[in-house]
Amino acid sequence: MPKRDFLAIPDFSKDQILQLFELAQRMKRGPYRDRPLAGKTLAMIFTKSSTRTRVSFEVGAYQLGGHALFLSSRDIQIGRGEPIKDTARVLSRYVDGIMIRTFAHSDVEELARYATVPVINGLTDLLHPCQVLADVLTMREHVGGWEGKTVAWIGDGNNVANSWLNAAGVLGFELRLACPEGYEPNRTIFDFAKARTKVSITEDLESAVRGAHVVNTDVWASMGQEGETEQRMLAFKGYQVSPELMRLADPKAIFLHCLPAHRGEEVAESVFEGKQSRVFDQAENRLHVQKALMAMVMGGTQE
Ligand code: CP
Ligand code: NVA
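Residues numbered from 1 in each chain as written. Chains lettered and ligands numbered in written order. Predicted model: local features only at pLDDT ≥ 70, side-chain atom pairs only at ≥ 80, totals over all residues. Heavy atoms only, no water.

K.L.:
Quick rundown of the sheet that holds strand 5 (residues 150-154)? Include the residues and the values.
P.N.:
The sheet built from five strands is open, its strands ordered 7-6-5-8-9 with parallel pairing. Both edges of this open sheet fall to strand 7 (199-202) and strand 9 (254-257), since each of them pairs with a single strand only. Ignoring which end each strand starts from, the neighbouring axes of this sheet average 20 degrees apart. Strand direction decides the pairing type here: strand 6 (residues 174-178) and strand 7, joined by four bridges, are parallel. Bridging from a neighbouring strand, R176 pairs with S200 of strand 7. Of the strands in this sheet, strand 5, strand 6, strand 7, strand 8 (214-217) and strand 9 touch helix 6 (residues 159-172), which is tilted by about 155 degrees from strand 6. (Pairing = 2+ DSSP bridges. Helix = DSSP H or I, 4+ residues; strand = E, 2+ residues; numbered from the N terminus. Axes fitted to C-alpha atoms, helices over the stretch in contact; angles between N-to-C directions. Contact = heavy atoms within 4.5 Å.)

K.L.:
How would you summarise the packing of helix 5 (residues 129-143) against helix 12 (residues 279-297) if you had to cite specific residues and measurements?
P.N.:
Their axes nearest at 8 Å, the elements helix 5 and helix 12 cross at an angle of 115 degrees. The angle between helix 5 and helix 12 falls in the class roughly perpendicular. The two elements helix 5 and helix 12 meet at a crossing, and its hand is right-handed. Each of C130, Q131, L133, A134, D135, L137, T138, E141 and H142 in helix 5 lies in contact with helix 12, whose residues at this interface are D281, Q282, N285, R286, V289, Q290 and L293. When the residues that make up the contact of helix 5 with helix 12 are grouped by side-chain class, the tally is six nonpolar, six polar and four charged. (Parallel < 35°, antiparallel > 145°, perpendicular 65-115°, else oblique. Left-handed = near helix turned anticlockwise from the far one by under 90°. Nonpolar A, V, L, I, M, F, W, Y, C, P; charged D, E, K, R; others polar.)

Here it is in structure tokens:
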């Protein structure tokens, strides 16, 4: 059987994502006694910071009977210029799967091309697919699925927004993005979603949020964009999920944020801490979806 990588949400069909959610929910309900990763090791390469991704993958691998290795680019030879294609072939001789968080998406594609073990994308400048799997699972739990539902995205058309577009395209729900000019999502990914479902981009936050079932945002400057902070502060002024904006959404709408959050910038403190916020359930779901993902790509588990 060919190895299965997970670099982007469309790497899985709708049916496979449904299977993954079923397995994640079964694992979450517990007790789940299978050990699909017994004797297996996940290498985790990080060239950017992480709290959730690192801890949820490491804990998840352990809970499934396996082991995870934290490899910071500061310590391994990749940081001194060893080619990705060589790292891929070396690690493939030792481990059973590789998770990577880095800058260029093409680096992850190269890693996957040369690795003979499954590769999982733990965030690139382009995509954050594990995050959006957790987000959609949270949506399924708290708004009752995605059929006929609308998701609003407020702010930067960044890696998380691009993965939401991919999810909308594969699963088929409406996604409305409100982004300032010049900060729209990736054009090719937008067109992929547009060909499959209802998606739109506007600069009008209110029209994006009106009646939405999920209101979603992220930081104005992502990792690697620290040098643009001042310019971004100006561009995103007003792009805040405020209590007034939340009132335009469906009365049962939930607020999501992948975290870490900057209160007072992209989200008001009272929304972040408010009754509609599901941000910590969302963070918890990283563990459950990634366990299901590892079981499927590394452990040979079928739901
Ligand atoms: N949301 C997320 O990926 O968090 P970390 O950067 O802490 O991993
Ligand atoms: N868009 C953010 C997500 C962090 C989890 C970033 O890339 O920094």
